[in-house]
Structures are given as C-alpha cells and as structure tokens.
Amino acid sequence: MKMPIIAYGDPVLRKKAVAVEPDEYPNIKQLVEDMFETMYGARGVGLAAPQVGISMRLFVVDATPFDDDEPELANFKKVFLNAQILEETGDEWSFNEGCLSIPDIREDVSRKPVVRISYYDEDWKHHEETYKGMAARIIQHEYDHIEGKLFTDKLSPLRKRLIEKKLNDISRGIVDVDYKMKFPAAKKGR
Ligand code: NI
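Presented here is a report on the structure given in the accompanying data block.

About the criteria used
Residues numbered from 1 in each chain as written. Predicted model: local features only at pLDDT ≥ 70, side-chain atom pairs only at ≥ 80, totals over all residues. Heavy atoms only, no water. Helix = DSSP H or I, 4+ residues; strand = E, 2+ residues; numbered from the N terminus. Rg over C-alpha atoms; globule rule 2.2 N^0.38 Å. Buried < 20%, exposed > 50% of the residue type's maximum accessible area, 1.4 Å probe, protein only. Contact = heavy atoms within 4.5 Å. Pairing = 2+ DSSP bridges. Donors = N, O, S within 2.8 Å, 3.2 Å for Na, K, Ca; no water. Core = buried A, V, L, I, M, F, W, Y, C linked by side-chain atoms within 4.5 Å. Axes fitted to C-alpha atoms, helices over the stretch in contact; angles between N-to-C directions. Expected span 1.5 Å × (residues − 1).

**Here we look at the overall build of the protein chain**
Scanning the protein chain from terminus to terminus reveals three helices and nine strands. Counting from the amino terminus, helix and strand elements in the protein chain follow one another as β-α-β-β-β-β-β-β-β-α-α-β. Its C-alpha atoms give the protein chain a radius of gyration of 16 Å, within 12% of the compact-globule value 16 Å for 190 residues. When its C-alpha atoms are laid out on the principal axes, the protein chain stretches across 45 × 40 × 30 Å. Per-residue burial over the protein chain gives 48% buried out of 190 residues. Contacts spanning at least 24 positions in sequence make up 65% of the contacts within the protein chain whose residues lie at least 6 apart.

**Some thoughts on the pairing of strand β8 (residues 126-132)**
In this sheet, β8 lies alongside strand β7 (residues 114-120) in antiparallel orientation, the contact comprising seven bridges. Within β8, the position partnered with Val 115 by the bridge is Tyr 131. Counted between consecutive antiparallel strands, the loop separating β7 from β8 contains five residues, among which Trp 124 sits at a positive phi close to 65°.

**What about the coordination of the nickel ion?**
Around a metal, the ideal angle is 109.5 degrees if four donors adopt a tetrahedral arrangement and 90 or 180 degrees if six donors adopt an octahedral arrangement. Protein coordination at the nickel ion comes from Cys 99 (SG), His 141 (NE2) and His 145 (NE2), with a distance range of 2.1 to 2.3 Å. Of note, the nickel ion draws all its donor residues from one chain, in the sequence arrangement C-x41-H-x3-H. Note that Cys 99 is positioned in the loop between β5 (93-97) and β6 (107-111) and His 145 in helix α2 (residues 133-146), a separation of 46 residues in sequence. In terms of burial, Cys 99 and His 145 fall into one category: buried.

**Considering the nonpolar core**
Residues Met 35, Leu 47, Leu 58, Val 60 and Ile 102 are the most contacted members of the largest nonpolar core, which totals 35 residues. When contributions to this core are tallied by element, the ones reaching two or more residues are α1 (28-41), β3 (58-62), β4 (77-89) and α3 (157-171). It is α1 that contributes the most residues to this core, six residues altogether. Once you skip the residues sitting within four places of it in the chain, Ile 102 turns out to touch Tyr 8, Leu 150, Phe 151, Thr 152, Leu 167 and Ile 170. Counting residues in hydrophobic clusters, the runner-up holds 21 residues, among them Phe 59, Ala 63, Leu 73 and Phe 76.

**A few points about the side chain of Asp 121**
Mapping Asp 121 onto the fold places it in the loop between β7 and β8. Other than its neighbours up to four places away in sequence, Asp 121 contacts Val 79, Leu 81 and His 127.

**Quick notes on the sheet that holds β3**
The strands making up a sheet are joined through hydrogen bonds of the backbone, oriented either antiparallel or parallel. Reading across from one edge, β2-β3-β4-β7-β8 is the order of the five strands in this open sheet, with antiparallel pairing throughout. Two strands lie at the open edges of the sheet, namely β2 (46-48) and β8, each paired on one side alone. The mean inter-strand angle of the sheet, taken between neighbouring strand axes irrespective of direction, is 40°. Against the sheet, α1 engages β2, β3 and β4, with an angle of about 45° to β3.

**Side note on α2**
Between the first and last C-alpha of α2 there are 21 Å, a value that for 14 residues agrees with the 20 Å anticipated at 1.5 Å per step. Counting buried residues in α2 gives 14 out of 14 residues, a clear majority hidden from the surface. One or two positions beyond α2, positive phi appears at Gly 148, with a value near 80°.

Here it is in structure tokens:
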C-alpha cells in the first residue's frame, strides 16, 4: 500500500527517530514493503520512516537506477533498521541531491565518500558494513532523515536564502508533484 510522503515543514522530519525493538513492531515487514512501494511510486532511491510519518530508525534504499554509472549498485536494495553510522572517512565530494519530501529542489551537497555502518535487516540479522560512492551517499542522506536532518541544512546561507520561498511553498502544498504527499501547512481543499 502506497503511503503519502510527508512534505518539508512537518515536525516529524525534524525529530531524532528512536530505535525499535523486534517485538515492539511485529508488522515491520509490511511497513518495509509499503515503504518500498511508496518509494518506487515516487521514483526515489531511498525513503526513511519519518517521511511516511513514522518516527522510527528505519530506511529503505534501492540504488538500481544508478547501476549504469556504478555496476556494483545493481543489487543495492536494502533495509536499514536501527542504523548507527560508525565512521565516515575520505575527502568530501559534491553531488546534486534531491529528496522526496522536498520536490522540485535539487542542490549540491558535500559528503565524505566512505561510510561504515551498523544496522539490522528486516529479519533482525545484524550487519556491519562499509559502503562508498553513491551507495554511501544514499545511506548518508537517509541516515540524516532518522536523525531529523535534511539535505537543505547543509547548504550555504546564500543557497538557503535563495530557496527559502520555494521551501515555504512546498510546506503549503504549492508545488507540482505527481505522487501523493501530505503538506503540513496546506490550506483546506489542497
Ligand atoms: Ni530525503
């Protein structure tokens, strides 16, 4: 089942999400399935639980669309539960990022190229792995979501000022988007 994606401006996107225990959320597999469906429906490569209104340390990624550039991404479809980034290393590189909660805005964001992360999969199996390049970037972007951060936080004061009105419009639902969203400041009927 597709869920509406929460738009910029909603407080749930600003909350540091809490870890989840296995018995606390028995329907986690259904939620994971719904999140993938929601993500594919919006042609995204990553989606975090706060983006569907659930403040939980969970995100899903599928970087298959990038496998032309990086063949090792062909099977990069994963579920990250209770993730903790252990280390980020290397010289920062810049990439033009977007976010399903912030449609129509893309900005260059600098991040370190290598990330070491500890997490559980949807079967509660523990993993500790290292990712680099685009895989690392997608993980870092989604990880920011469960920490209550957005890529727009990383922009220069000038860039932030330049997109301020657009961000305001997004929170009010004044944006062209072809997937279902929930806008925190929308007027009735929008
Ligand atoms: Ni995002």
